Amino acid sequence: MMHRHDAPNPKKVSPEFAARLTNLEPQQKVRVIVLLRVQDDQSLINKRQSRSERQDAIKAIRESAKQALGNISGIIQNFEGRSLTEHPDLLGSIPVEITVAGVNALAESEAVKAVIEDQSIYPIHLSNSKRINTLE
């Protein structure tokens, strides 16, 4: 039985993904990529910086992402979720498996910039080349 529920925060979840989520059961699990709100460090944009300045900027972003992840770890745990990697990447994103209700909770968190659907991408040219070889 399909269960309609409130759509997640439209500022943090695309309308297409939100529409798919509203047609799933709240306890159904989905894979998402959570974009954490990290410290904006303008020093990464500056092209004239020393290696140590770049390293300091990267360290600051990593620490900011780690803190943001700590802020949502309770949400992940409360909604039967799990991080699919140990640490966020340098852009502050981390793949998570969580219930639909958990996606909604993540989208309401101040520590989250956006939640996007984690889609499998398959190269088209491989499937086309196989079809071509079969037709010959």
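Residues numbered from 1 in each chain as written. Predicted model: local features only at pLDDT ≥ 70, side-chain atom pairs only at ≥ 80, totals over all residues. Heavy atoms only, no water.

Our focus in this paragraph is the environment of Val115. Of note, Val115 is situated in strand E4 (residues 112-117). Since its relative accessible area comes to 1%, Val115 is described here as buried. Counting along the chain gives 103 residues from Val115 to Lys12, while the straight-line C-alpha distance between them is 5.9 Å. Apart from the residues within four sequence positions on either side, Val115 is in contact with Lys12, Val13, Phe17, Val32, Ile33, Val103, Leu106 and Ala107. (Helix = DSSP H or I, 4+ residues; strand = E, 2+ residues; numbered from the N terminus. Buried < 20%, exposed > 50% of the residue type's maximum accessible area, 1.4 Å probe, protein only. Contact = heavy atoms within 4.5 Å.)

Turning to the confidence of the model for the protein chain, a few remarks are in order. Put simply, the protein chain has an average pLDDT of 82, and 76% of its residues get 70 or more. In the predicted structure, residues 131-136 sits below a pLDDT of 50 and forms zero contacts with residues beyond four places in sequence or in another chain. (pLDDT = per-residue confidence, 0-100.)

What follows deals with the environment of Pro88. With respect to the helices and strands, Pro88 occurs in the loop between strand E2 (82-83) and strand E3 (93-99). In this structure the C-alpha to C-alpha distance between Pro88 and Glu63, which are 25 residues apart in sequence, comes to 9.9 Å. Pro88 has contacts with Leu36, Ala65, Lys66, Leu69, Ser93 and Ile94, leaving out every residue within four places of it along the chain.

Bringing helix H1 (residues 15-22) into the picture now. What H1 keeps buried is the set Phe17, Ala18, Leu21 and Thr22. Buried residues of H1, seen end-on, are gathered within an arc of 135 degrees and therefore sit on one face of the element. Opposite the buried face of H1, at more than 90 degrees from it, the exposed residues are Pro15 and Glu16. Against the buried residues of H1 lie strand E1 (29-36), helix H3 (100-108) and E4. (Arc of directions from axis to C-beta.)

In terms of nonpolar packing, the biggest core is built from 27 residues, with Val32, Val34, Leu36, Ile72, Val103, Leu106 and Val115 touching the most fellow members. Of all the secondary structure elements, the ones that give two or more residues to this core are H1, E1, helix H2 (51-78), E3, H3 and E4. Beyond its immediate chain neighbours, meaning those up to four positions away, Leu106 contacts Val34, Ile72, Ile75, Ile76, Ile98, Val112 and Val115. (Core = buried A, V, L, I, M, F, W, Y, C linked by side-chain atoms within 4.5 Å.)

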